[in-house]
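An overview of the molecular structure
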Amino acid sequence: MTFGQSAVAQQTYEFTLDTKKMGAPVQSTMYGLFFEDINFGADGGLYAELVKNRSFDFPQELMGWYTFGKVEVRKDNPPFDKNPNYLVLSNPGHAHKHTGIENEGFRGMGFKKDATYRFSVWAKKVNTTEEQKIRVEFINPKDEIIGSQELVINSSDWQKHQVIITAKATEEKGRLRIFFTSKGAIAVDHVSLFPTDTYKGRENGLRKDLAQALTDITPGIFRFPGGCIVEGTDLDTRYDWKKTIGPVENRPVNENRWHYTFPHRFFPDYYQSYGLGFYEYFLLSEDMGAEPLPVLSCGLACQFQNEDQHAHVPVSDLAPYIQDALDLIEFANGPVTSTWGKVRADMGHPEPFNLKFIGIGNEQWGEEYPEHLAPFVKEIRAKYPDMKIVGSSGPSADGKQFDYLWPEMKRLKVDLVDEHYYKEPDWFFKNAARYDNYDRKGPAVFAGEYASHDHSTGKQNNFLSALSEAAFMTGLERNADIVHMCTYAPLFAHVDAWQWCPDMIWFDNLRMMKTPNYYVQQLYAQNKGTNTMTLLWPDKKAVTGQDNLYASAVYDKDQNCYIVKVANTSTEAKNVKVTLTGTKKNAVFTVGDCIVIKNNNLKAINTLDSPTNIIPGKTTAEIDGNILNIQTQGQSFGVYKIKL
Ligand code: AHR
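Residues numbered from 1 in each chain as written. Predicted model: local features only at pLDDT ≥ 70, side-chain atom pairs only at ≥ 80, totals over all residues. Heavy atoms only, no water.

So, the overall build of the protein
Broken down by element type, the protein carries ten helices and 35 strands. Over its C-alpha trace the protein gives a radius of gyration of 27 Å, about what one expects of a compact globule, namely 26 Å for 644 residues. Along the longest, intermediate and shortest principal axes, the C-alpha atoms of the protein span 90 × 60 × 45 Å. Relative to its 644 residues, the protein shows a buried fraction of 61%. Summarising the internal contacts of the protein: among those between residues at least 6 apart in sequence, 76% fall at separations of at least 24. (Helix = DSSP H or I, 4+ residues; strand = E, 2+ residues; numbered from the N terminus. Rg over C-alpha atoms; globule rule 2.2 N^0.38 Å. Buried < 20%, exposed > 50% of the residue type's maximum accessible area, 1.4 Å probe, protein only. Contact = heavy atoms within 4.5 Å.)

The structure is reproduced here in structure tokens:
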């Protein structure tokens, strides 16, 4: 798409870019992604498994399943001790009756015509020497069969059986049905169905379209696995990384706190299978070229949910939590001869993951947080002095906790402080200069969770929210000497199963939609440059919203170009003239790629049916000697390259 230029003459706004003053390096980690299993982001989302409750180990053992005929839940001598339940399917006792099970998926299962799916099941025959069979079927809402295969079960010991099934039709709300078609009995566990076409073709893989959308951002940092799920409603249900590695069949199911966090958006079937666990998160980071940033529990259960101090681990009992952090570093970086390095190698990755960052605690506050964090810092520093530690400034962008925690983080000498802000668009516009006067001597900033919330539209991912983030982010970029990372939040939402909005990418079981907020993140990440440059008004002030203009600039030494970013938040087109000062006499500048995202309607959104309503498009600018002339359109954010 190309956006045209307005023919109407406008007032000209003049900025200077001093090419002699090369600024601080922009960190490779500057723009990234924050992933949490919220809104069915992992199970039912990025994790490509189509079967919900595949091992029958939800507390309600058959949640997600319908059974017919003779079906029994058993847990004696299970094949996987950490997921002990399994089913026995037996002859219903009459030739005209049937035994079987049916899975509803995550608000249905998405099947694509002619695509292939890998069905697998751990099974054995029970008390019979006869060969046993099942018929596996894909069913549409009209109860028509749109894919089917037979599978023979001929072993009296537990074995993994699998078959590839082709879908004959496209269906967003499909189901999986398994008919037991023999006369004896079989036991089944870990019933699984994946598309064969996953991201990077991995069997325990990720949904290709969603993982590709993440990769296409070109993120520099990948924070996982949350968010609040790190902390747990209680410590028993905190995210425990050691439970999320090894064979997927034996990763114990954990509750997902987002199933009950908001009673008005209650999702009793939301659990974590941990099929997407820490090994897979590290792999994804590597695939995307992003530095991994795992966040671990600091021994404080979610403080929003627990005023009672007894919910937390006393500092004197923190040793196993600290050991978890040290072991994680060994899992990621240790040699294959080390205990945890060997676990990683056995999972298929003998090379280290080169972990450089670790977060301790999510949104923590009060004196108990620095008290809990201090022993982590001490022991991580002692064993891994180069590891960069991320601490928290609590759940708000300012206020009592924030003001208390920042000095505490400085005292503890963490490397980065994680700040979170979910605020109105106006806050983002007004805070474009937030970091201009931050203390340069302390830890760096990680804007770890932020999003513009337009409450007037039910917090939709509308263009206003995206434009306000774009304007605000000129301030992140200008201050890249101390802002080393930033990640929008949350990342994913299933349209039929979300708890929180806005979110960067929305999806159903077949389709996905990138929001305007996604494109803003992508424009920054793809044009982050290597060094900050100073872009000023004639009065030497930074461009932070005066006359509804927000702007920043970087130099990219790999492409040998300057990149100017301008958000024009007024309805009027505005001419912007950027004079490059301090240039060599014979320097010749040309205009490189220029991209703009704009919309006349601030309330406009993308939807699954109209995913390209708001997308970036090419635009133009002119260069006259050392002067770049940009005609910014009203309500637009543009990225303009000047090549040397
Ligand atoms: O991003 C959603 C939630 O917001 C995160 O889990 C938490 O850290 C914050 O409160």
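Quick look at the sheet that holds strand β13 (residues 185-195)
Paired through backbone hydrogen bonds, the strands of a sheet run either parallel or antiparallel to each other. Taking strand neighbours across the sheet as the criterion, the five strands line up as β4-β5-β13-β8-β11 in an open arrangement whose pairing is antiparallel. If you trace the sheet from one side to the other, it starts and ends with β4 (70-74) and β11 (159-166), each paired once. Sheet twist, expressed as the average angle between the axes of neighbouring strands with direction ignored, equals 35°. One ladder, built from eight bridges, connects strand β8 (residues 116-125) with β11; its direction is antiparallel. Across the sheet, residue Ala123 finds its bridge partner in β11, namely Gln159. (Pairing = 2+ DSSP bridges. Axes fitted to C-alpha atoms, helices over the stretch in contact; angles between N-to-C directions.)

A closer look at the site of the ligand
Lining the immediate environment of the ligand, one finds Phe34, Glu36, Gly227, Cys228, Trp258, Asn362, Glu363, His420, Tyr422, Glu449, Pro490 and Trp500. Glu363 places a polar side-chain atom, nitrogen or oxygen, 2.8 Å from an oxygen atom of the ligand. A distance of 2.7 Å separates an oxygen atom of the ligand from a polar side-chain atom of Tyr422. Starting from 280 Å² of accessible surface for the ligand in isolation, the protein chains cover 96%. Its residues assigned to classes, the shell around the ligand comprises six nonpolar, three polar and three charged. (Near = heavy atom within 4 Å. Polar contact = N/O pair within 3.5 Å; in protein donor to acceptor, adjacent residues only side chain to side chain. Areas by Shrake-Rupley, 256 points an atom, 1.4 Å probe, with all protein chains shown as cover. Nonpolar A, V, L, I, M, F, W, Y, C, P; charged D, E, K, R; others polar.)

Regarding the environment of Pro375
Here Pro375 shows up in helix α6 (residues 368-383). On the basis of relative accessibility, which here comes to 21%, the residue Pro375 falls in the partly exposed class. If we ignore the near neighbours within four places in the chain, the residues touching Pro375 are Val315, Leu318 and Ile322.

Here's the deal with the sheet that holds strand β26 (residues 531-533)
With antiparallel pairing, the six strands of this open sheet are ordered in space as β26-β28-β29-β35-β31-β32. Strands at the two margins of the open sheet, each flanked by one partner only, are β26 and β32 (617-618). Here β26 runs beside strand β28 (residues 549-556); their pairing, made up of three bridges, is antiparallel. Pairing of Thr532 across the sheet is with Val554, part of β28. Those strands touched by helix α9 (residues 463-478) are β26, β28, β29 (561-568), β31 (590-598) and β35 (636-643), and its axis lies near 50° from that of β28.

Notes on the packing of aromatic side chains
For the structure on display, the rule yields 56 aromatic pairs. Note on Trp258 and Trp500: the rings are 6.1 Å apart at their centroids and 80° apart in plane angle, and the pair reads as edge-to-face. In this pair, Trp258 sits in the loop between β15 (254-255) and β16 (271-272) while Trp500 sits in the loop between β23 (492-494) and β24 (505-507), placing the two residues 242 residues apart along the sequence. Residue classification places Trp258 among the buried residues on the basis of a relative accessible area of 2%. Centroid distance Phe282 to Phe331: 6.2 Å. Interplanar angle 50°. Geometry classified as tilted. With a gap of 49 residues between them, Phe282 in helix α3 (residues 278-288) and Phe331 in helix α4 (residues 319-333) connect regions that are remote in the sequence. Of the two residues examined, Phe282 and Phe331, each falls in the buried class. (Phe/Tyr/Trp six-rings, centres within 6.5 Å; stacked < 30°, edge-to-face > 60°.)

Things to note about the side chain of Thr515
Relative to the elements of secondary structure, Thr515 occurs in the loop between β25 (512-514) and α10 (516-526). Of note is the side chain of Thr515, whose polar atom sits 2.7 Å from the backbone oxygen of Met504. Beyond its immediate sequence surroundings of up to four residues, Thr515 is in contact with Asn461, Asp503, Met504, Trp506 and Asn606.

Looking at the packing of α3 against α4
Two numbers describe how α3 lies on α4: the axes approach to 11 Å, and their chain directions differ by 50°. As far as their axial angle goes, α4 and α3 are oblique. Relative to α4, α3 is oriented so that their crossing is right-handed. Residues Phe278, Tyr279 and Phe282 of α3 touch α4, and the partners they reach there are Leu328, Phe331 and Ala332. (Parallel < 35°, antiparallel > 145°, perpendicular 65-115°, else oblique. Left-handed = near helix turned anticlockwise from the far one by under 90°.)

Quick notes on helix α7 (residues 400-411)
The end-to-end C-alpha distance of α7 is 17 Å, a good match for the 16 Å that twelve residues give at a rise of 1.5 Å each. Buried within α7 are the following residues: Phe402, Leu405, Trp406, Glu408 and Met409. Just past α7, the residue Lys413 takes up positive phi, approximately 55°. (Expected span 1.5 Å × (residues − 1).)

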